[in-house]
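An overview of the molecular structure
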Amino acid sequence: MTLPETLDRAEHIELHKRQLEPRIRFAVLLVIAAIIVAGLLNVFGQSPGTRTAAGEAAELRVSAPMAARGGLIYEARFEVEARRDLNQPAFVLDPGWFEGLTINTFQPDPTDWEQRNGRNVLIYGPVEAGQKLVVRLQYQVNPTAVGRRDQDVVLEDSGEVLAVVDRSATLYP
């Protein structure tokens, strides 16, 4: 069979240039499937991670997701177990606890709130030895917030450092 002059057998009949298209489609489907599987394996957050630090006066436990997606609503829990009387326990929070995040509620409300060297300090009332102070902050991740955030927490009592929890979180779009 003869072809018109404007047609080329390899290009228009045997479709040699189109052999790459099925591979590209397959690769795109694999990328989409990998993202779905990563989401199912909780790579993009929501599951809380707990970090603990202890000193002679108190133990501090911080429980919050280490990764979160835009729009996600979650709770961060700060738990202090006093080993001696604490007069004015305070949480000194890195800026990463506030950048790209919206705080919906505090439970309980701090008795005082101040800024110190770019860090927020939440101050609470006295806690007796053997008692616990549990503070919950409900957050929502802003959809435009992306990247890694340092979220260290320092527990102080009247300015004295009692425990330090070193953590970071990753925010996904």
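Residues numbered from 1 in each chain as written. Predicted model: local features only at pLDDT ≥ 70, side-chain atom pairs only at ≥ 80, totals over all residues. Heavy atoms only, no water.

Attention now goes to the overall build of the chain. Summing up its helical and strand segments, the chain has 2 helices and 13 strands in all. For the chain, whose C-alpha radius of gyration is 26 Å, the value lies well above the compact-globule estimate of 16 Å for 173 residues. In terms of overall dimensions, the chain has C-alpha extents of about 95 × 25 × 25 Å along its principal axes. Here the chain holds 173 residues, and 36% of them are scored as buried. Considering only intrachain contacts with a sequence separation of at least 6, the fraction spanning at least 24 residues in the chain is 66%. Summing over all exposed atoms, the chain offers an accessible surface of approximately 10,400 Å²; the carbon and sulfur share of this is 53%. Here the chain carries 18 positive and 23 negative side-chain charges, and the mean point of each set is 8 Å from the other. (Helix = DSSP H or I, 4+ residues; strand = E, 2+ residues; numbered from the N terminus. Rg over C-alpha atoms; globule rule 2.2 N^0.38 Å. Buried < 20%, exposed > 50% of the residue type's maximum accessible area, 1.4 Å probe, protein only. Contact = heavy atoms within 4.5 Å. Areas by Shrake-Rupley, 256 points an atom, 1.4 Å probe, with all protein chains shown as cover. Lys, Arg positive; Asp, Glu negative; His and termini not counted. Charge placed at Lys NZ, Arg CZ, Asp CG, Glu CD.)

This part takes up the confidence of the model for the chain. Caution applies to low-pLDDT regions: their predicted coordinates should not be interpreted in detail. For the chain, mean pLDDT is 90; residues scoring 70 or higher make up 97% of the total. No element of the chain has a lower mean pLDDT than helix H1 (residues 9–13), which averages 75, and none a higher one than strand E5 (residues 89–93), which averages 97. (pLDDT = per-residue confidence, 0-100.)

Attention now moves to the pattern of salt bridges. All told, the structure shown has 12 salt bridges when counted by the stated rule. Taking the shortest distance from any N to any O, the salt bridge between Glu-79 and Arg-61 comes out at 3.5 Å. Placement of the pair is Glu-79 in strand E4 (residues 73–82) and Arg-61 in strand E2 (residues 58–65), with a sequence separation of 18 residues. Taking the relative accessible area as the measure of exposure, Arg-61 reaches 23% and is therefore partly exposed. A salt bridge links Arg-77 to Glu-79; the nearest nitrogen and oxygen atoms lie 2.9 Å apart. Members of the salt-bridge network, linked through shared partners, are Glu-59, Arg-61, Arg-77, Glu-79, Glu-81, Arg-83 and Lys-132. (Salt bridge = Lys/Arg side-chain N within 4 Å of Asp/Glu carboxyl O.)

Attention now goes to the sheet that holds E5. The sheet built from 5 strands is open, its strands ordered E7-E8-E5-E11-E12 with antiparallel pairing. Two strands lie at the open edges of the sheet, namely strand E7 (112–116) and strand E12 (160–165), each paired on one side alone. Looking at each pair of strands side by side, their axes are set apart by 25 degrees on average, direction ignored. In this structure, E7 lies alongside strand E8 (residues 119–123), joined through 5 bridges in antiparallel fashion. Looking across to E8, one finds that Asp-112 is bridged to Ile-123. (Pairing = 2+ DSSP bridges. Axes fitted to C-alpha atoms, helices over the stretch in contact; angles between N-to-C directions.)

What follows deals with the nonpolar core. In terms of nonpolar packing, the biggest core is built from 34 residues, with Leu-60, Phe-78, Phe-91, Trp-97 and Val-153 touching the most fellow members. Put simply, the parts of the chain that give this core at least two residues each are E2, E4, E5, strand E6 (101–107), strand E9 (132–141), strand E11 (153–157) and E12. In terms of nonpolar packing, the next biggest core, distinct from the first, is built from 5 residues, Ala-90, Val-92, Ile-123 and Val-154 among them. (Core = buried A, V, L, I, M, F, W, Y, C linked by side-chain atoms within 4.5 Å.)

Note: strand E1 (residues 48–54) against E2, 7 bridges, orientation antiparallel. Its bridge partner being in E2, Thr-50 is matched across the sheet by Ser-63. Hairpin connection from E1 to E2: 3 residues lie between these consecutive antiparallel strands.

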